[in-house]
Structure formats: C-alpha cells, structure tokens
Amino acid sequence: MPLVEPGAPPASANAAPQVDPAVARAYWKKTSGLMWTVLAIWFFAGFGIHFFAPSLNPIHVFGFPLGFWFAAQGSLVIFVVGLFWFAKRQNQIDEEFGVQEDA
Amino acid sequence: MSASTGGKDPFISNLNKIYAGYTGGFAVFVVLLAILEQMGVPDRIIGYLFVFLTIGVYAYIGIISRTAQVSEYYVAGRKVPAIYNGMATGSDWMSAASFIGMAGSLYALGYGGLAFILGWTGGYMLVAILLAPYLRKFGQYTVPDFLGARFGGNLARSIGVVVLITSSFVYVVAQIVGVGIITQRFLDVSFTMAVFLGLAGILVCSMLGGMRAVTWTQVAQYIILIIAYLIPAILMSLKVTGVPVPQLMYGIALERIEGLEAAFRAAGQTPPPGVTGFHTAPFIGANGQFNMNAATNFFALVFCLMVGTAALPHILMRYFTTPSVREARASVAWSLFFIFLLYFTAPAYAAFGKLEIYQSLIGQPIAALPDWVKNWQIMSPYGVPWINIVDVNRDGILQWNEFRIHADVVVLATPEIAGLPYVIAGLVAAGGLAAALSTADGLLLALANALSHDVYYKMINRNAPTAQRLIISRVLLIFVAIAAAWTAGNAGADILFLVAWAFSIAAAGLFAALVMGVWYKGTTNAAACWGMAVGYLVTFFYLIWTEFFGLHFMEVFGTKEAILAAARQAAALPQAAPELKAYAEALVANAAAIQNGSLSWLGSLFAGSGLPTDSVVLRGRVVGRLWGLNNISGGIIGVPLSFLIIYVVSQFTTKPSQAMQDFIEDIRIPKGGVRLADAREAVKE
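All values reported here derive from a predicted model rather than from experimental measurement.

Analysis parameters
- Residues numbered from 1 in each chain as written.
- Chains lettered and ligands numbered in written order.
- Predicted model: local features only at pLDDT ≥ 70, side-chain atom pairs only at ≥ 80, totals over all residues.
- Helix = DSSP H or I, 4+ residues; strand = E, 2+ residues; numbered from the N terminus.
- Rg over C-alpha atoms; globule rule 2.2 N^0.38 Å.
- Buried ≥ 20, exposed ≤ 12 C-beta atoms within 10 Å, placed from the backbone.
- Contact = placed C-beta atoms within 7 Å.
- Axes fitted to C-alpha atoms, helices over the stretch in contact; angles between N-to-C directions.
- Parallel < 35°, antiparallel > 145°, perpendicular 65-115°, else oblique.
- Left-handed = near helix turned anticlockwise from the far one by under 90°.
- Pairing = 2+ DSSP bridges.
- Domains from an automatic or database assignment.
- Nonpolar A, V, L, I, M, F, W, Y, C, P; charged D, E, K, R; others polar.
- Expected span 1.5 Å × (residues − 1).
- Core = buried A, V, L, I, M, F, W, Y, C linked by C-beta atoms within 7 Å.

### Some thoughts on the overall build of chain B
Along the backbone of chain B there are 29 helices and 4 strands. A globule of 685 residues ought to have a C-alpha radius of gyration of about 26 Å, and chain B, at 26 Å, matches this closely. Each principal axis of the C-alpha atoms in chain B carries an extent, and together these give about 75 × 75 × 40 Å. Buried residues in chain B amount to 58% of all 685 residues. Look at the contacts in chain B between residues 6 or more apart in sequence, and 79% of them connect residues 24 or more apart.

### Details of the overall build of chain A
Counting its secondary structure elements, chain A contains 3 helices and 2 strands. For chain A, the α and β elements follow one another from N to C terminus as α-α-β-β-α. Residues classed as buried in chain A amount to 30% of the 103 residues present. Restricting to contacts in chain A with at least 6 residues of sequence separation, those with at least 24 account for 54%.

### Quick notes on the packing of helix α9 (residues 154–187) of chain B against helix α22 (residues 498–519) of chain B
Residues and elements named next belong to chain B. Relative to each other, α9 and α22 sit at 165°, their axes nearing to 8 Å. Overall, the two elements α9 and α22 adopt an arrangement that is roughly antiparallel. The two elements α9 and α22 cross, and the hand of that crossing is left-handed. Contacts between α9 and α22 involve G160, V163, T166, S167, V170, Y171 and A174 on the former and, on the latter, L498, V499, W501, A502, I505, A506, G509 and L510.

### With respect to unusual backbone geometry
All names here are of chain B. With a phi close to 50°, A76 is a non-glycine residue in the positive phi region. Mapping A76 onto the fold places it in the loop between α4 (70–75) and α5 (82–93). Non-glycine residue F283 carries a positive phi angle of around 50°. The residue F283 is located in the loop between α12 (246–266) and α13 (292–309) in this model.

### Topic: the pairing of strand β3 (residues 614–618) of chain B
All names here are of chain B. Across 5 bridges, β3 lies against strand β4 (residues 621–625) in antiparallel orientation. Looking at the pairing, V616 lines up with V623 of β4. Counted between consecutive antiparallel strands, the loop separating β3 from β4 contains 2 residues, among which R619 sits at a positive phi close to 50°.

### As for the domain arrangement of chain B
Residue and element names in this part refer to chain B. What the domain assignment reports for chain B is domain 1 (18–352 + 419–519) and domain 2 (541–635). Inter-centroid distance (C-alpha atoms) of domain 1 to domain 2 is 34 Å. The interface is formed by 16 residues belonging to domain 1 together with 12 residues belonging to domain 2. For the side of domain 1 that touches domain 2, the elements supplying multiple residues, two or more each, are α13 and α22. Broken down by element, the side of domain 1 that touches domain 2 gets its largest block of residues, 9 residues, from α13. Of the residues belonging to the side of domain 1 that touches domain 2, the class tally is 11 nonpolar, 5 polar and no charged.

### A short note on helix α16 (residues 346–360) of chain B
Residues and elements named next belong to chain B. Taking 1.5 Å per residue as the helical rise, α16 with its 15 residues ought to reach 21 Å, and the 21 Å between its terminal C-alpha atoms agrees with that figure. Burial analysis of α16 places 12 of its 15 residues in the buried class, which makes it a mostly covered element. For α16, the set of buried residues is A346, P347, A348, Y349, A350, A351, F352, G353, K354, L355, I357 and Y358.

### Some words on the interface of chain B and chain A
With 61 residues of chain B at the interface, the matching set in chain A holds 55 residues. Secondary structure elements with two or more residues in the side of chain B that touches chain A: α7 (114–138), α12, α13, α15 (325–343) and α29 (658–668) of chain B. Of the residues that constitute the side of chain B that touches chain A, the class distribution is 36 nonpolar, 13 polar and 12 charged.

### Remarks on the pairing of β4(B)
Taken across its 5 residues, β4(B) has 5 buried, putting it largely inside the fold. Because side chains alternate across β4(B), one face comprises the buried residues B:R621, B:V623 and B:R625, and the other comprises B:V622 and B:G624, equally buried.

### Observations regarding helix α2 (residues 15–38) of chain B
Residue and element names in this part refer to chain B. Compared with an ideal rise of 1.5 Å per residue, which puts 24 residues at 34 Å, α2 spans 35 Å between its outermost C-alpha atoms and is within 8% of the ideal. Restricting attention to buried positions, one finds in α2 the residues F26, V30 and L33. Buried-residue contacts for α2 involve α3 (43–64), α11 (210–241) and α20 (422–460). At the exit of α2 stands G40, carrying a positive phi of roughly 100°.

### Description of the nonpolar core
In this structure, A:L83, B:I176 and B:L444 are the most contacted members of the largest nonpolar core, which totals 264 residues. Here the element with the most residues in this core is α20(B); it accounts for 21 residues. When we break this core down by domain, the ones giving at least three residues each are domain 1 (18–352 + 419–519) and domain 2 (541–635) of chain B. Every residue in contact with B:L444, bar those within four places of it in the chain, is listed here: B:V172, B:I202, B:S206, B:L477, B:V480 and B:A481.

Structure representation (structure tokens):
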C-alpha cells in the first residue's frame, strides 16, 4: 500500500532539479569550505593540542595540569561549542543560497 | 500518545510538559524512598523498588507507544525535535561501559584513559559535518538503505548489513552482560536469571513500538542516568572539597594525588598491577618517562573511537528521525552536549575516588579498613573479588600495590565511600541499568531492522504488505535478543573487551564508503564494495589473528628476538592450551633455529622510531602488536586502507551515471526532493 509518508520528501524518480546547478555548485563550495574548517578544529582539539600535553602539564590552573585539563575538559568544550557554531553557520549558508528546506 | 498521523501530534506539542512532569515524579520517588529508608525499610527492598519501578516506567512508555505504521516503527514518524533526539542519542550512546566502567578506567589509566573521553565525544564532530545532514536528506530508514541506493543495490547493501551485524551484535552482548551484572547485584538472583530479566525489560520497550517507543523510552532513560551520575559526584565533591561542583574542584584532588604518588614512590612502594603510578602524566611507560609506544597507542585509540562513533549504525539511524535536515544538524550538537555532561564528570569520579583511597586507606592496618571496603570484598562475575586486598609483604598494613579494585566499583561504590544513604546506591544502580538498557534497545533495533527491512523486505520480498513486514520485524527482534542473551549468559564478563572491537570494525567497514558516497561524486559502486569488504575483512582478521593466535602472528611479522620473546611468554602462561605450550616450549628450547618472520621487514618498518612489532600478555593470552599498536586500535590500519581502495578503484571502474550524480546533488542540498538513481530503491509505506 503506497501511502505518502508524512514528513518525508517525495521520492519521485524523474522530477526536475529544484535548485539551479550553478547555485548548487557555489553552495557546495561554501559548504565544503565550512566542512574543512570544522575538520581542522576537530583535528586541533582531538589531536594537535595533545601533542603538546607533556609540555603543557607543568602549568597548573586550579590544580589541573594544563595538558590533562585539555584532554579531560578543554577539547570537549571545543567540540560542543564548535558543533553549535557549525549548525548555526551552515544554516546561514543555506539561507544565503536560498536552499533551506521549505517550512 | 495514540498512533496519530502527521499534523499536530498532541504528544509532540506537550513534550516539555510531559518530561518535566516525569523528572519531577522521579525526584519525588527518590525522596520517598529516602524517607522509607529512614523509616527502616531494608536495603534489599529499596533496591527492588528502584529496579522494578524504573523498568515499569520504560515498559509503560514502550506499550503506549505501540504502532502499526512502518514509518513510526522505523523512524519514529520523523517527528522527534532536535533536543529530544539529542537526549535519546545520549542514552543510546552511553552504555553500561560509559556509566559504570569509564570512571574506573580513568582511575586505573590516569591520562591514558582520557583517550576514551576524547574519542567518544570528538566523533560527533565527524557525524555532524560529514554524514548526519546528508543521511537525513536521503530520508529512508536504515544505513544499508543508503549504501544500496548510492552504490547500486544489493551487493553494497549486503556488505553494509554484514558489518552492521558484526559490530552491533558484539556490542549488544556486552550491554546485556552489563544489565546482568547490575541486576544480579541489586536483586540477588543468578547471573542467567538476571540476564533474562533484563532482556524482558529491553524487549518490552522496543517490540511493540519500534523506533518510536525506543526514542521516547531513551529520553526517559537519559533523564534518570544523568541524574544518577551527577548526584553522587556532587555529594562526593562536597565531602572532599566543600564545594558541590565536581568538574571544577577535582583539580585540587589531582594535585593531592600527584603528591601522594610521589610520597609512595619515595617510600619505595609500587602501584598495583594495571594502575598507573603517575595519574596526570601523558604518554609514559611504567618508569614515568616518555614512551613513544604509549603516545602512538593513545592517538590511534582516539582516532579509532572517533571514526567508529561516526560509523556505528545505531547512532547514525537516530538522525533519520528528526523532522528536517536543519534539525538533524542541531540534533548532533545537542547529542554531544548531553553526552558531554557525563563525560565531563567521569574524570572527577576517578580523581575523588583515588584521592579518598590513597588518603584514607593506604597505610592503614588491614584489619581496621572501613565497612564499605569489606562490603565489596565479594566475588565479582569476573572471577576476582571486586576489591581484592592482597597483603603481599604480610605486614598487616595496606600498601599501595596491595589494594586492587575492579574498574566498575569506582562508580558503584562512590555512594558508600562518601558515606551516603543506600538510596543513592539504588539510584546509581537505576542509572547504570538505564544506560545499559537504552543502548541495548537501540542496538537490537538496528540489528532487527537490518534483517527485516534490508534483508527481508529489500532483498527477499519487495511486495510484502505492511502488516507482514512489521510482524517479521518483531519476530526477528525477539530472535536477535534471545541470541544475544544466550551468548551473554554463556560468555559472561570475559567478552567485554570485544566492545572496543566494534568501533574498529564499524569504522573500517562503513566510514569510508559513507563519507566518500556523499563527498566524492566519482565514487563508483565497485569501489565502494571493495573498500567496505577489504576494510572490514582486514580489520576483523587482524583482530582475531593478533588476539587468539598471537604467537603465530609474531612468527610472521616478528624478528627472531621478538618471536623468541613471544614464545617465552606463551610457555609461561598458566592458561595456555597444552598444545600451544608444548609448541612454545619447543621453540624456546631450539631458540638458535628461529628465523625472522617472512614479513618481519614490514613489522620492523618503524622499529627505528621505537615502535617494533612485539607481543604482550593480556586477558590470559599472548597478544601480537604490529608496530606496537594494541589491537583495540585495529581500525587505524583498516580505515585508511578502505579510503585508499575506494579512491583508487574509482579511477578504473565505470563512472557513476548521470542519474546517480543527480541523486548525489539532491542529498547535498537541503531543499527539494531526492531523485533516486534507481526507482526500485524507493521505500513504500
């Protein structure tokens, strides 16, 4: 029984593209740029900063050795804030190119 | 919460009210039990009430969320708001290992254990930027659905299903063991009995309502698990530092631990086996000096856990349930926030627990240890007592290396260490149970859906009517659950180390194909199939080979010195099989005849940088380590290999058709519909 599923996009096989190809290309370029930016933040917080853990550790903040603090808390905060920022930024890009979902 | 279709669902619009009421109700329930305890109700009854009432609530949610609609069953009707999907993902994600085991691992490993904290949070960045929004736009039911639609049908779909089943099954067995351990301790029943009780709790949540029921149960479970995790830590912080913010205050505990460790060392003592003697120091060997091996293993583990997070189907499928692409992105951020609340606190548990033990137990007469220590000197399902006091030098005084504590006890015993009433211990048990049940629910659903939707509906009978598909789903759910419980009941706690394998297997099998499918238009069907198959097989084979045939592995990859060392380890193993022992002894006896392994040139590639291929004795086996890497990080080889194969094979095989390119265009852009390259891949309800 082929009912239309509520909330899902229609899956018709040969509808015309709804976004101009040139716009789509520009949109994807900017989206990729954001992806690489966030990937760089990910690499820095997930790996880069911890390469320096042995040299950061002699610095103590509120008792925390700094290298330990980054792995236990600092990087996690960067991940969380980074993701909210990413969601916001990507929404702006969607709207800039007029490709956001129809409400 | 009746099965309404589309439009304004009164349940969805009242979510805040419903869950606020639920949280308040739970608080009242805890206070009520605390009062009962003061009135002299025995601990055992309190434990029963906690376990049965919380499971009863989950079952109630599961039953009222029953549904006969396919889209409700598989993707909760795509109506789950970002923040609630975030909570559901949080409890889907945080397993018994996170709730009970993580703080204990940090206790034992110190800085080294932070690899788990980093890996299990950072992976969500990859989910958000590389996969979740695009999978949501694709908009079907499962991860193999995407592989089938993008890579030309059943072959890609089947490989996806095999990877999914391998990684999820291993994982779900471990969750059921977790449920068994908690239920056994708090209900005082046999382990097998506990496993089947837990199983009933899991099935009643997911069977009638599929994803819809699992989602709303998981939100309820998240609320309980986070309350149960934070409250003892806050009270512990209050006890030790006088400030109820454990996340800020454990710096003080860390400083004191460093001081105590130095004092113990100065007195000529050594740490107990498996526990680091330098809690805060990164990348060190047993002597406290920098160790290249420790550093590479740390980063390799972080990498594998992150990539594995972004490839585990029970997590990815949660992002199919949001109303839009935009909500899917926001939802990943919320997921990470809710997970962060727990992982941010775990190192505090470890630090306060360690400080308390180092400060008030070490150096005391063994006969005069506090009651909580005695309460935990009982046998665990792992075959050693939870807390094992071994008076090595027989002087009656507790030394540093004489106090051996199982990782799980650090969280479970915190309420008693801090001198809190039993009701808090019951709360912790309820939280651990919520964590294990919610993860098991999500995994079982992922497994059963792969079998019912991807294998049965998409590959065997495309004309199956809705009612039949749902019946098949439910029957398979029961079968998978019983198979998992049977395995858990037989293997017991010995298989918990396999959980870490699930990450490497999923990472090597799925991650590259999913990412390349979205981000590289030129990825061909053949390339993706080869990439998934090789990544999966190489990783799986490598894990089995190094873990169970370590000596043989060394004979291929090791130098003659390394082979001799491995043979000596095997010969000295008390648990080794007689044939292996005899073989190893023969090798040792004839040491001069040992030749370098046939691939020892590969094994010695990084020997100059301090990373020779060697073997260690772990879990009662001789385990091989290529370039000194623990096999827990086996994905470090499989993931790049999979990417490389996909890229190279794509250059030599038939380019994707125009229709496929259009399909990729459509999933990249939030607006509009999705033009499938093959109309047969469309889901009908």
